[in-house]
Amino acid sequence: MIEVKTREEIELMRQSALIVSKTLGMLAKELKPGVTTKQLDKLAEDYIRSQGALPGFLGLYDCPSTLLTSVNEAVVHGLPTDKPLEEGDIVSIDCGALMNGFYGDHAYTFEIGDVDPETKKLLQTTKESLYVGIREFKNGNRVGDVGYAIQKYCEDQGYGVVRELVGHGLGKKMHEDPEMPNYGKRGRGKKFLEGQVVAIEPMINMGTHRIKQLKDGWTIVTQDGKPSAHFEHDVALVDGKPEILSTFAYVYEALGITSNEEDEFRQKALVL
Ligand code: MG
Ligand code: MG
């Protein structure tokens, strides 16, 4: 069953999402060759706790870390390790926070130093597909409209759309109804409801959409070993339109990127 939220609850969820956004912005400043994902994990946990929140993933389904850090061919659910990041790597950082009883869940794929142009394009396209999907999260549409839009956008450019892992409803639980696949058919699936909050999160592979799980029981990698990207926003349906609760603004500030990609969704209460 879809749990719709009141305006007050959506404001609380914005606070949870912003903690994660700020965590990603803090990490963006630390991301350089030689840094390990375990070091990043410690920084993230300390930061989230300093904000009066709790790490959202730690302990959830026995997750041992605050961050899930997925390097290169890892799609999602990579566990932090002592292996230093290298020039030319990409790392998808997925982070959750729990505050005031509500979860935030938000991810960005970062470049470490100079990344080859083909991989850069994968990241750019995956991020664009996130907004293409969010635009379809509106009154009158259904789950399949978001999935269709993301799938078409990415497959038209030759990329593989992961099937086995999906976005989800978000609220007092990290994973609520409905599942939000990054593929689908127009007009199919559950109808969107005013006050609904979802995590939309395209996971897009440079090659095949097929994946496998590593022996650690967590890390999902591409079957062909080619890179994969993952971007995620938390989005509420307010006045029939998508309102993005998380923001990449802190990441962009840290990386010196200028972007107006979130503007059209009229994000409110963004305190920089
Ligand atoms: Mg996530
Ligand atoms: Mg998620």
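Residues numbered from 1 in each chain as written. Chains lettered and ligands numbered in written order. Predicted model: local features only at pLDDT ≥ 70, side-chain atom pairs only at ≥ 80, totals over all residues. Heavy atoms only, no water.

Asker: Pulling in residues and values, what's your account of the coordination of the magnesium ion (ligand 1)?
Answerer: Surrounding the magnesium ion (ligand 1) are the protein donor atoms D94 (OD), D94 (OD), D105 (OD) and E232 (OE), which sit 2.0 to 2.5 Å from the metal. Read N to C, the donor residues that coordinate the magnesium ion (ligand 1) are spaced as D-x10-D-x126-E. Taken as a pair, the magnesium ion (ligand 1) and the magnesium ion (ligand 2) show a spacing of 3.1 Å, with D105 coordinating each metal. Of the two residues, D105 sits in strand β5 (residues 102-111) while E232 sits in the loop between β13 (228-230) and β14 (233-238), which places them 127 residues apart along the sequence. Taken individually, D105 and E232 each receive the classification buried, so the pair is uniform in this respect. (Donors = N, O, S within 2.8 Å, 3.2 Å for Na, K, Ca; no water. Helix = DSSP H or I, 4+ residues; strand = E, 2+ residues; numbered from the N terminus. Buried < 20%, exposed > 50% of the residue type's maximum accessible area, 1.4 Å probe, protein only.)

Asker: Quick one: what's the story with the coordination of the magnesium ion (ligand 2), residue by residue and with numbers?
Answerer: Only D105 (OD), H168 (NE2), E201 (OE) and E232 (OE) from the protein coordinate the magnesium ion (ligand 2), and they sit 2.0 to 2.2 Å from it. The motif formed by the donor residues of the magnesium ion (ligand 2), counted along the single chain, is D-x62-H-x32-E-x30-E.

Asker: Describe the pattern of salt bridges, listing the residues and the values that go with them.
Answerer: What the rule picks out here adds up to 14 salt bridges. A salt bridge links R14 to E11, with the shortest nitrogen-to-oxygen separation between them at 2.9 Å. Here R14 pairs with E11, and both are found in helix α1 (residues 7-28), just 3 residues apart, close to one helical turn. A residue is classified by how much of its surface remains accessible, and R14, at 1% relative accessible area, is buried. Among the residues examined, E11 registers a relative accessible area of 34% and is labelled partly exposed. Close ionic contact of K127 with E261 constitutes a salt bridge, the shortest N to O distance being 3.0 Å. (Salt bridge = Lys/Arg side-chain N within 4 Å of Asp/Glu carboxyl O.)

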